[in-house]
Amino acid sequence: MLTSAIENAWPSSTWRACHVVVAVSGGADSVAMLRALVRIHQQTRGKGQLTVAHFNHRTRAAASDDDAQWVAELARKLNLDAVVDQARAAGSLIAEEQARRARYEFLRSVAEQRGARFITTAHTQDDQVETVLMRALRGSGIDGLTGIPVVRPLGPAVTLVRPLLSISRAEVESYLERLGQDYRHDASNLQSHYTRNWVRRDLLPQIRDRLPGDPDAALLRLSEQASQWRDAIEQIAVRLAARAVQYGAGQPAPTVRIDTPQLADEPAIVIQQVARTAWRQAGWGEQAMGMTEWQRLAAAVVDDSASTFVLPGSISVRRQGTDLVLERS
Ligand SMILES: Nc1ncnc2c1ncn2[C@@H]1O[C@H](COP(=O)(O)OP(=O)(O)OP(=O)(O)O)[C@@H](O)[C@H]1O
């Protein structure tokens, strides 16, 4: 049952008193999510509010406008408040990343205007399988293999939740059929999901035909295991950082001092995670730090002859005795 799977993933006790922005494209997944959240909200006599949010990407001319109207009408039928906005320029060739950023900005601004605590999107288990496969093939690290998280803070006040991540598209469709609820068949999100569509329509069906066993379950297990390994290494790193790292006063901290002998015997991957933990705790932005930069920083922890260098965010790294000093200029 869809509602009980959602309840397991995201207990209503955590949100039923809150304002929730529900991101609805009009496609099967997000329509099912909306109907299920409304149901749970009614059953638990939620005191909060659900607001439907739709972003018209204007990638498919009139069809995009129809989707937007259809979503607004669905919200009206369900007695819900709806916010619909549209991209400034129309056109099918808009870059995927750009469109995605515009959509998240819109969702975040709706949440801020309404004082909402949560935004929900309807990524399903199928999206998770596709994501893990694509990331594995693109050479992602363990972090990437963990896949899409159920919960991701978007800031101090707003959290993004994906309550359908353990639900298959087939379950979504049968739920909608039981309700007699229709949806927009092409409500895409984006025409430019070329690679993902190819993975969904061509690659995964071929893998399922060819390989014995259950490749979807195997990919989900891989993501589950990657999450466990990542969490374990993070816990170890937090413990080590508490002993080996000191921060200059202030947030963001002006300096980070790593007592390198305390980390000398640790594996490189753990040292790298300690450096990441220190960076995060210092309040420095991680966005521009890639795998190469983290590796360089970890190498400097064990190399007592490392010369001074500068990392993204104007963080200079230098040795001072047995300490590695990171300084923000
Ligand atoms: N135009 C839209 N308006 C509102 N919400 C949307 C829209 N498009 C997608 N969403 C929300 O995002 C979810 C995921 O959609 P989709 O898989 O197309 O996005 P994506 O770009 O792959 O997502 P992400 O970039 O977050 O991984 C949908 O189930 C829905 O909740």
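Residues numbered from 1 in each chain as written. Predicted model: local features only at pLDDT ≥ 70, side-chain atom pairs only at ≥ 80, totals over all residues. Heavy atoms only, no water.

## A word on the packing of helix H5 (residues 125–137) against helix H8 (residues 194–210)
Describing two packed helices takes the angle between their axes plus the distance from one axis to the other.
(1) Moving on: Following both chains from N to C, one finds H5 and H8 inclined at 90°, their axes separated by 11 Å at the closest point. Judged by the angle between their axes, H5 and H8 are roughly perpendicular. Where H5 abuts H8, its residues Asp-127, Val-129, Glu-130, Thr-131, Leu-133, Met-134 and Leu-137 lie against Arg-196, Val-199, Arg-200, Leu-203, Leu-204 and Ile-207.
(2) Moving on: Taken together, the residues that form the contact of H5 with H8 break down as 8 nonpolar, 1 polar and 4 charged. (Axes fitted to C-alpha atoms, helices over the stretch in contact; angles between N-to-C directions. Helix = DSSP H or I, 4+ residues; strand = E, 2+ residues; numbered from the N terminus. Parallel < 35°, antiparallel > 145°, perpendicular 65-115°, else oblique. Contact = heavy atoms within 4.5 Å. Nonpolar A, V, L, I, M, F, W, Y, C, P; charged D, E, K, R; others polar.)

## Details of unusual backbone geometry
(1) Moving on: For the bond running from Gln-251 to Pro-252, omega is 0°, close enough to zero to count as cis.
(2) Moving on: You can see Pro-252 is positioned in the loop between strand E7 (245–247) and strand E8 (255–259).
(3) Moving on: Positioned with a positive phi, Asn-79 is a non-glycine residue whose angle comes to about 60°.
(4) Moving on: For Asn-79, the position within the fold is in the loop between helix H3 (61–77) and strand E3 (81–86).
(5) Moving on: Exposure remark for Asn-79: the relative accessible area of 70% places this residue in the exposed category. (Buried < 20%, exposed > 50% of the residue type's maximum accessible area, 1.4 Å probe, protein only.)

## Focus: the pattern of salt bridges
(1) Moving on: Under the criterion given, the structure shown has 18 salt bridges.
(2) Moving on: For the salt bridge of Glu-286 with Arg-280, the shortest nitrogen-to-oxygen distance reads 2.8 Å.
(3) Moving on: Given the relative accessible area of 39%, Arg-280 is considered partly exposed.
(4) Moving on: Sharing partners across several salt bridges, the network here consists of Asp-143, Arg-230, Asp-231, Glu-234, Arg-276, Arg-280 and Glu-286. (Salt bridge = Lys/Arg side-chain N within 4 Å of Asp/Glu carboxyl O.)

## Overview of the packing of aromatic side chains
(1) Moving on: One pass over the full model with this rule turns up 5 aromatic pairs.
(2) Moving on: Relative to Trp-284, the ring of Trp-279 has its centre 5.2 Å away and its plane inclined at 90°; by these criteria the two rings are edge-to-face.
(3) Moving on: Between Trp-279 and Trp-294 the ring centres are 5.4 Å apart and the planes differ by 80°, which places this aromatic pair in the edge-to-face class. Linking Trp-279 in helix H10 (residues 268–281) with Trp-294 in helix H11 (residues 291–302), this pair joins segments that are 15 residues apart in sequence.
(4) Moving on: The class for Trp-294 is buried, based on a relative accessible area of 2%.
(5) Moving on: An aromatic cluster of at least three residues, connected via ring pairs, comprises Trp-10, Trp-15 and Phe-118.
(6) Moving on: The positively charged end of Arg-117 is found above the aromatic ring belonging to Phe-118, 4.9 Å away from the centroid.
(7) Moving on: Taking the ring centre of Phe-309 as reference, the NZ or CZ of Arg-296 above it sits at 4.1 Å. (Phe/Tyr/Trp six-rings, centres within 6.5 Å; stacked < 30°, edge-to-face > 60°. Lys NZ or Arg CZ within 6 Å of the ring centre and 35° of its normal.)

## Here's the deal with the sheet that holds strand E6 (residues 159–161)
(1) Moving on: Reading across the sheet, the 6 strands line up as E3-E2-E1-E4-E6-E5 and stay open at both edges, with mixed pairing between neighbours. Both edges of this open sheet fall to E3 and strand E5 (151–153), since each of them pairs with a single strand only. Across the sheet, the mean angle from the axis of one strand to that of its neighbour is 25°, orientation sign disregarded.
(2) Moving on: Sheet topology note: the strand E2 (residues 49–56)/E3 ladder contains 6 bridges and is parallel. Residue pairing across strands places Val-52 opposite Ala-82, the latter belonging to E3.
(3) Moving on: Each of E2 and E3 is contacted by H3, which is oriented at about 170° to E2, the strand it contacts most. (Pairing = 2+ DSSP bridges.)

## A closer look at the UniProt feature "binding site: ATP" (unreviewed entry) in the protein
(1) Moving on: This chain's UniProt record puts "binding site: ATP" (unreviewed entry) on Ser-25, Gly-26, Gly-27, Ala-28, Asp-29 and Ser-30.
(2) Moving on: Relative to the elements of secondary structure, Ser-25 occurs in the loop between strand E1 (19–23) and helix H2 (28–43).
(3) Moving on: When its relative accessible area of 23% is taken as the criterion, Ser-25 is described as partly exposed.
(4) Moving on: A distance of 3.1 Å separates a polar atom in the side chain of Ser-25 from the backbone nitrogen of Gly-27.
(5) Moving on: Along the chain, the position of Ser-30 falls in helix H2.
(6) Moving on: Setting aside chain neighbours within four positions, we find Ser-30 in contact with Ala-23, Val-24, Ser-25 and Ala-122. (UniProt positions renumbered as here; feature names shortened; annotations may be inferred. Polar contact = N/O pair within 3.5 Å; in protein donor to acceptor, adjacent residues only side chain to side chain.)

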